Amino acid sequence: MSLTNDIDESLKEKKNSVSSEERSVKTASVFGGDDAVDIDANVQYAGMLKKPPFGTKSYGMLTRWTERFCVVKESFLLYYDKSEKKHYESKKMFNIHPKGVIPLANCHIEKWDDTGKPGFKITHASFKTGNLVMAARSADERDNWIKILQECSKITWNNAQLGAAQIKQLEENTNRINKEKTEYIEKLNKEAEALKHETGKKEELEKLSKKLEEERAAMENVANQFKEEKEMTAQELLDAMEAMKKLDEERTNLDTASKELEQNLKRVGEEKAKQEDLVKKEQAEKEKLAATSNELKSHLMTVEEESKKLVAEKQKTEQQLQEEEKKAQVFEEEKKKLLRSATEAQINLEEVHAKKMETELELGRTAGVL
């Protein structure tokens, strides 16, 4: 492809070089007389130059320099009266009747500073009356003129003929390359058809492998989810066991308090019995011990109130114990449920692990087939 592009570019350049003058002229129009015929064309360069009389041998203060509007078109330098510049700039056309035409083919263009101005000299063996010397307004402008004129001096009849021969040879090479390219493309098409079947099989295997990989990833995700659920269940079991432990401690504390209350009640009962015995023994001394009896009665009433309070506290404690036993039963049922959930999760995890092993074995067989 690169060689073909290079050939095409070379053909274009050669054709442009040979027929550039023919293509550059776009339209011709008459503006009122034989001397007013203008050409709308692409020129290489245009500008003002100063020109002494053709064939001047020496240059000095008395040398007469005439300002001319100059146009470089293909391999010719055309110069006009300076008034032609305004017409060229407004119409973008140049008159086909210049004051002078210099053919630049095989001319030698060089700097020429003997005039005291930024000038250049055009020489050729066919110039019989002398060389052409011209001067620009500045050294940079003079250098631009020299560069353009040197390029235009390379356009000759021999170069055009050589370009045509090269174009013909390039066209023949292009035809040969296109033929080889066509044959090569046909060969590639045949090879592509032969490989198409194998490529189809390979694509099916790749799709199967991709599908198995997706299934394995899905199974791994499920396994990870079960693992997370198992960890959460285990943590919940630990929390439940910790709660049960605290309940056991509270129940132990309540049992201890109940025993203490029972002992207090027993002591109160024993003290009450003693007091009743004293009341019976001292009944005979009731009159004598009236004051003491009243105190004892008051004390007895206080003891009875305390006994009532202790009985009420005992009942309250027994009620709390019953409630705690109910809570313990509820926690025991929840514990059993959590254990059943953990067992089911363990079974599911083992099933997932078994499926994962089967999938990996299937992938291993598929990889072996590939």
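Residues numbered from 1 in each chain as written. Predicted model: local features only at pLDDT ≥ 70, side-chain atom pairs only at ≥ 80, totals over all residues. Heavy atoms only, no water.

Visitor: In this structure, what is going on with the overall build of the protein chain? I would like to understand it.
Guide: Within the protein chain, the secondary structure is distributed over 5 helices and 10 strands. For the protein chain, with 370 residues in total, the buried portion stands at 25%. For the protein chain, the share of sequence-separated contacts (at least 6 apart) that also reach a separation of at least 24 residues comes to 62%. Element-wise, carbon and sulfur atoms account for 51% of the exposed surface of the protein chain, whose accessible area totals about 26,600 Å². (Helix = DSSP H or I, 4+ residues; strand = E, 2+ residues; numbered from the N terminus. Buried < 20%, exposed > 50% of the residue type's maximum accessible area, 1.4 Å probe, protein only. Contact = heavy atoms within 4.5 Å. Areas by Shrake-Rupley, 256 points an atom, 1.4 Å probe, with all protein chains shown as cover.)

Visitor: How should I be thinking about the side chain of Glu74 in this particular structure?
Guide: Looking at where Glu74 falls in the secondary structure, it is placed in the loop between β4 (66-73) and β5 (76-81). The buried category is assigned to Glu74, whose relative accessible area is 7%.

Visitor: Before we go on, may I ask you to explain a negative patch on the surface in this structure?
Guide: There is a patch of like negative charges on the surface, built from Glu271, Glu276, Asp277, Glu304, Glu305 and Glu306. If you list the elements that add at least two residues to the negative patch, you get α4 (157-281) and α5 (290-369). You can see Glu305 is positioned in helix α5. Judged by relative accessible area, Glu305 falls into the partly exposed class, the value being 47%. (Patch = residues over 30% accessible without salt bridge, like charges linked within 9 Å, V, L, I, M, F, W, Y side chains within 5 Å. Salt bridge = Lys/Arg side-chain N within 4 Å of Asp/Glu carboxyl O. Lys, Arg positive; Asp, Glu negative; His and termini not counted. Charge placed at Lys NZ, Arg CZ, Asp CG, Glu CD.)

Visitor: Is there a simple way to explain the confidence of the model for the protein chain in this structure?
Guide: Caution applies to low-pLDDT parts of the model: their predicted coordinates are not meant to be read in detail. Mean pLDDT over the protein chain: 78, with 83% of residues reaching 70 or higher. Under a pLDDT of 50 for its full length, residues 14-37 has, in the predicted model, 43 contacts with residues more than four places off or in other chains. (pLDDT = per-residue confidence, 0-100.)

Visitor: What should I look at first to understand the environment of Ser307 in this one?
Guide: When you line up the elements, Ser307 lands in helix α5. Considering only alpha carbons, one finds Ser307 and Leu265, 42 residues apart in sequence, at a separation of 7.0 Å. Residues contacting Ser307, with those up to four places away along its chain left out, are Leu265 and Val268.

Visitor: Hey, could you run me through helix α3 (residues 139-152) in this one?
Guide: In an α-helix, one turn spans 3.6 residues, which is why side chains three or four residues apart end up on the same side. Compared with an ideal rise of 1.5 Å per residue, which puts 14 residues at 20 Å, α3 spans 20 Å between its outermost C-alpha atoms and is within 8% of the ideal. Restricting attention to buried positions, one finds in α3 the residues Glu141, Arg142, Trp145, Ile146, Leu149 and Cys152. Buried residues in α3, looked at end-on, bunch into an arc of 140°, giving them a common side. Exposed side of α3, more than 90 degrees from the buried face: Asp140 and Lys147 are the residues found there. On its buried face, α3 is in contact with β3 (45-51), β4, β5, β8 (108-112) and β9 (119-123). The N-cap of α3, judged by a side-chain oxygen 3.3 Å from the amide nitrogen of Glu141 a few residues on, is Ser138. (Expected span 1.5 Å × (residues − 1). Arc of directions from axis to C-beta. Polar contact = N/O pair within 3.5 Å; in protein donor to acceptor, adjacent residues only side chain to side chain.)

Visitor: Is there a simple way to explain the packing of aromatic side chains in this structure?
Guide: Geometry of an aromatic ring pair is reported as the spacing of the ring centres plus the angle between the planes. A complete count under the given rule lists 3 aromatic pairs for this structure. When the centroid spacing of 4.7 Å and the interplanar angle of 85° are considered together, the rings of Tyr45 and Trp145 count as edge-to-face. Of the two residues, Tyr45 sits in strand β3 while Trp145 sits in helix α3, which places them 100 residues apart along the sequence. Look at Phe69 and Tyr80: their rings are 6.5 Å apart centre to centre, the planes differ by 40°, and that puts the pair in the tilted class. Residue Phe69 is located in strand β4, and its partner Tyr80 is located in strand β5; the two are separated by 11 residues in the primary sequence. What makes Phe69 buried here is its relative accessible area of 2%. Counting every residue linked through ring pairs, the aromatic cluster contains Phe69, Tyr80 and Tyr88. (Phe/Tyr/Trp six-rings, centres within 6.5 Å; stacked < 30°, edge-to-face > 60°.)

Visitor: Before we go on, may I ask you to explain the layout of surface pockets in this structure?
Guide: Its boundaries defined by the atoms lining it, the second largest pocket holds a volume of some 220 Å³. If you trace the second largest pocket, you find it lined by Gln275, Val279, Glu282, Gln283, Glu285, Lys286, Leu289, Ser293, Leu296, Lys297 and Leu300. Contributing elements (two or more residues each) for the lining of the second largest pocket: α4 and α5. Class assignment of the residues belonging to the lining of the second largest pocket gives a composition of 4 nonpolar, 3 polar and 4 charged. (1 Å grid on protein atoms, 1.4 Å probe; cavity = no way out; pocket = protein on both sides within 12 Å on 5 of 7 lines; lining within 4 Å. Points joined across faces, edges and corners; volume = space filled by probe spheres on them. Nonpolar A, V, L, I, M, F, W, Y, C, P; charged D, E, K, R; others polar.)

Visitor: Help me out: how do you make sense of the pairing of β8 in this one?
Guide: In the case of a regular strand, side chains alternate between the two sheet surfaces. Examined bridge by bridge, β8 and β9 share 5 bridges and lie antiparallel to one another. Bridge assignment links Lys111 to a residue of β9, and that residue is Phe120. Taken together, β8 and the strand that follows it, β9, pair antiparallel across an intervening segment of 6 residues, in which Gly116 is found at a positive phi of about 80°. (Pairing = 2+ DSSP bridges.)

Visitor: I keep staring at the environment of Met61 and nothing clicks. Help me out?
Guide: Counting through the fold element by element, Met61 comes out in the loop between β3 and β4. Residues Met61 and Gly116 lie 55 residues apart in sequence; the distance between their C-alpha atoms is 9.9 Å.

Visitor: Help me understand the pattern of salt bridges, please; the structure alone is not making it clear to me.
Guide: Should their charged atoms come close, side chains of opposite charge can pair. This model, assessed by the stated rule, comprises 11 salt bridges. With a shortest N-O distance of 3.7 Å, Lys121 and Glu110 are connected by a salt bridge. Residue Lys121 is found in strand β9, and its partner Glu110 is found in strand β8; the two are separated by 11 residues along the sequence. With relative accessibility at 12%, the residue Lys121 sits in the buried group.

Visitor: Just to check I follow, could you spell out the nonpolar core for this structure?
Guide: In terms of nonpolar packing, the biggest core is built from 19 residues, with Leu77, Leu104, Phe120, Ile122, Trp145 and Leu149 touching the most fellow members. Secondary structure elements with two or more residues in this core: β4, β5, β9, β10 (132-135) and α3. Among the elements that take part in this core, α3 stands out by supplying 4 residues, more than any other. Every residue in contact with Leu104, bar those within four places of it in the chain, is listed here: Val72, Ser75, Phe76, Leu77, Ile122, Leu149, Cys152 and Ser153. Of all hydrophobic cores here, the second largest spans 7 residues; its members include Phe69, Leu78, Tyr80 and Phe94. (Core = buried A, V, L, I, M, F, W, Y, C linked by side-chain atoms within 4.5 Å.)

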